[in-house]
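Topology and contacts: notes
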Amino acid sequence: MTKRQIGVQEIEDIALGAAVLGTGGGGDPYIGKLMATEAVRRHGPVELVTLDEVGDDEMSVAIAMMGAPTVMVEKMPGGNECVEAFNAVQSFLGRPIQYVYSIEAGGINSTIPITLAAQLHKPMIDMDGMGRAFPEIQMVTQSLFGITATPFTMADEKGNSAVLSTIDNRWMETFARNIAVNMGATAHIAAYAASGKQQKEAAVYGTLSLAEKIGRTIRESRAAHVDVIAALREVTGGFIVFHGKLVDVRRQTVAGFARGEAILEGIGEDAGSQMSIQFQNENLMASRNGEIVVSVPDLITMVEEDTGEPITTEQLRYGFRVLVLSIPSHPHWRSAKALEVVGPRYFGYDIDYVPVEQRFKA
Amino acid sequence: MWTLSIDDTESIAIGAGILGTGGGGNPYLGKIRMQRLLREGYSVNIIDLDDLADDALVAEVGGMGAPTVGVEKLPKGDESKLALEALEAYVGKQIDAIICAEIGGANSIEPLVAGAMMNKPVLDADAMGRAFPEMQMSTHFIAGVKCVPAAMVDEKGNQIIFGNMVDSYALEKFARDLCVLMGCRSTLALPVMVGEQVRRTSVRRTLSLAKQVGDAVRHARQVKSSMVDAVLNVTTGTELFSGKLIDVQRRTVAGFARGQLVAEGLNQYRGDYLHIAFQNENLVAWRGDRDTRDQVIACVPDLICMLETETGEPITTEQLRYGLRVTVLGIPCTDKLRTPEALKVVGPAAFGYPEVTFNPMPKIAGRGIE
């Protein structure tokens, strides 16, 4: 495998592909894209390496933003928060950190680490901790494999900063979420520092390049005027689960999350049917005529029917004509232990997880 | 300098409980923890502010949380040590001396516990000369001392360090919410101050004062003389009221014990009623009818202290109940809380009583809280 570089075009494609993987959440990719683009223009492209190129003893840390996407679109970052958060982790660990990674390559957190990596001239690893986006801090594969989120550093645009050390990662979510809310519902974080050896076991491999590939596929299909949706389905290995028009959206920002429901009225082959998609930042459950047909941890994303543009929770509104795309989750998320963390029951739905590929044909 | 004895602890618990104006944490629990450590052979020295080197490093140590929870959810025992160690690790330096954040039942004793466990001296001083419910209400922070870095721990082993905060109001907001999530009990060590700052901005000799108040109460009990006179002789101030508690409304809200009480006057106060509003600590006292508050007779930042009439034992917020015979004292606060800057932070308006005017109780030079 050869090293690659993340430059302006790659950022463009990553942001778009990450919005597909973001399952409606993960934050507006547009803002993350602008910041990352400016950073690589100023500091040069970011080197992207694969996990096998990372030494067992070399350290990496995840960089992200935490908070409600509905606020992120309005409250801009100051610019230096990630550097502060990164330096605080390095200082706390007392050892140098060679790599930066995305903890969540779905959404804005695909590009936030690119901004920092460019600023600090550090390489990124082609990986993430989810293969999608999830709402809570402990919902990462690193945590499944015993890696601690501690030290977890947070910084906001006003100058407030904190370092957290908790007895488990679920407590980290509880405290960090509250601090993020008090920081104004958005905060920059650095966490889940781990060695190359640990990441090789725990990580979701290749998510950044997958995001880039998805984005490039959408872009090139549009330019060539070919069926974007078909190309999207093929590159993601996903399933089209519904075709419909958005007729109702209920959404509330509660305790740092955007919670709610989107209702779709069927079009074409789905005329006469209704789909409901429930979300907590990210889309969690898709029900057809009252029956659940797709659930977490599988990915559920709405894309615009002509352009294939993924639609985030905060962008939802009446009249959008969409296809609901579902992508099978990474195998790490399908173990019994993983389903306790990210399965339907954790989110309050008393149903067993059924993989999307068992219900739908490609 | 003096070395703390078991007998001293007995007196400090009473005196700090009285000066705690209803808050500061339960004095009994603080006392038995300290006395056990002393019996186990630990020791702690209490040193004067003037004995502190200009560049010595000092941190406050104290508990945070609703007192209504504190009486039920006991500490593990090493929280203040862990909080201090977290602070020291964060700044990469050792703390030379510990100071009380406030004079209050448990929070006068917790720093002594920390000092004993870590073999560090505790200063004969604090940052309020009483107890207050919120973090910005400190003579240190009012005078411009930075409130960070601040380390916060719980009994489960969770630890949060605030490296930077916009101001002490922000620290209060962040820490209070986190304290509630920790189960309404946490221990903090903050910030890292130098001797010169501490000397300039602290309230002097308040541990000694607490001890003297406690000594006076215990002596008066023994010889069966007036405990109220004994306390006021040390603290100056006046008796405001004596009677029976006939109504208590108290809720644990957002990490505080908030509410109000009504007392019916006895003896020379028969026919009168006393109303007190509190937020952990007593805030405003009014005289009036059963249902009306006619006249403010004392308010923050001056101290409104409640004792059990028979025993002189301090009564804390969580202990309030119908039928208690209480005597209420008004004690003048430190001059450091009476400046215009301080009153913005600790005057009645800051607690939600903008209509109440603070009329400072007269002080006697050289006596009481300095």
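Heads up: the structure comes first, above all this text.
Residues numbered from 1 in each chain as written. Chains lettered and ligands numbered in written order. Predicted model: local features only at pLDDT ≥ 70, side-chain atom pairs only at ≥ 80, totals over all residues. Heavy atoms only, no water.

Some details on the interface of chain B and chain A
For interface size, the figure often reported is the accessible area lost on association. Taken together, the 20 residues of chain B in the interface contact 18 residues of chain A. With both sides pooled, the region where chain B packs onto chain A buries about 1,700 Å², and carbon together with sulfur makes up 60% of that total. Of all residues in chain B, Asn158, Phe174 and Leu181 of chain B give up the largest surface area on contact with chain A, accounting jointly for 31% of the area buried on that side. At the boundary of chain B and chain A, one finds 0 salt bridges. Here chain B is connected to chain A by 10 residue pairs in polar contact (both at pLDDT 80 or more). For the side of chain B that touches chain A, a count of residues per class yields 11 nonpolar, 5 polar and 4 charged. Bridge count between strand S8 (residues 161–165) of chain A and strand S7 (residues 159–164) of chain B: 5 bridges; the pairing is antiparallel. Residue Val163 of chain A lies in a different strand from S7 of chain B, and its bridge partner there is Ile161 of chain B. (Contact = heavy atoms within 4.5 Å. Buried area = accessible area lost by both parts, 1.4 Å probe. Salt bridge = Lys/Arg side-chain N within 4 Å of Asp/Glu carboxyl O. Polar contact = N/O pair within 3.5 Å; in protein donor to acceptor, adjacent residues only side chain to side chain. Nonpolar A, V, L, I, M, F, W, Y, C, P; charged D, E, K, R; others polar. Pairing = 2+ DSSP bridges. Helix = DSSP H or I, 4+ residues; strand = E, 2+ residues; numbered from the N terminus.)

Looking at the packing of helix H4 (residues 81–93) of chain A against helix H5 (residues 112–120) of chain A
Residues and elements named next belong to chain A. One can describe the packing of H4 onto H5 by two numbers: an axis separation of 10 Å at closest approach and a directional angle of 75°. Relative to H5, the element H4 is oriented roughly perpendicular. Between H4 and H5, the residues in contact are Cys82, Val83 and Phe86 and Ile112, Leu116, Gln119 and Leu120, respectively. Across the contact of H4 with H5, the residue classes break down as 6 nonpolar, 1 polar and no charged. (Axes fitted to C-alpha atoms, helices over the stretch in contact; angles between N-to-C directions. Parallel < 35°, antiparallel > 145°, perpendicular 65-115°, else oblique.)

Some remarks on the pairing of strand S3 (residues 57–65) of chain B
Looking along a regular strand, one sees side chains alternate from face to face of the sheet. Residue and element names in this part refer to chain B. Of all 9 residues that make up S3, 8 are buried, and the element is covered over most of its length. Pairing of S3 with strand S8 (residues 185–194) involves 8 bridges; the strand directions are antiparallel. Following the sheet pairing, Glu60 is matched in S8 by Leu190. Across 4 bridges, S3 lies against strand S4 (residues 97–100) in parallel orientation. Paired with Val58 across the strands is Ala97, a residue of S4. (Buried < 20%, exposed > 50% of the residue type's maximum accessible area, 1.4 Å probe, protein only.)

Quick look at the packing of aromatic side chains
Counting across every chain of the model gives 7 aromatic pairs over all chains. Each ring, one from Tyr346 of chain A and one from Phe347 of chain A, has its centre 5.5 Å from the other, and the planes form 85°; the classification is edge-to-face. Pairing Phe162 of chain B with Phe174 of chain B gives two aromatic rings, centres 6.2 Å apart and planes at 55°, and the pair type is tilted. You can see Phe162 of chain B sitting in strand S7 and its partner Phe174 of chain B sitting in helix H7 (residues 168–181), a full 12 residues away along the chain. Residue Phe162 of chain B is classed as buried on the basis of its relative accessible area of 1%. (Phe/Tyr/Trp six-rings, centres within 6.5 Å; stacked < 30°, edge-to-face > 60°.)

What about helix H5 (residues 110–118) of chain B?
Note on helix geometry: an α-helix contains 3.6 residues per turn, so any two residues three or four positions apart are oriented the same way. Residue and element names in this part refer to chain B. Extensive coverage of H5 is indicated by the burial of 8 of its 9 residues. The complete set of buried residues in H5 reads Glu110, Pro111, Leu112, Val113, Ala114, Gly115, Ala116 and Met118. Once H5 ends, the next one or two residues include Asn119, with phi positive near 55°.

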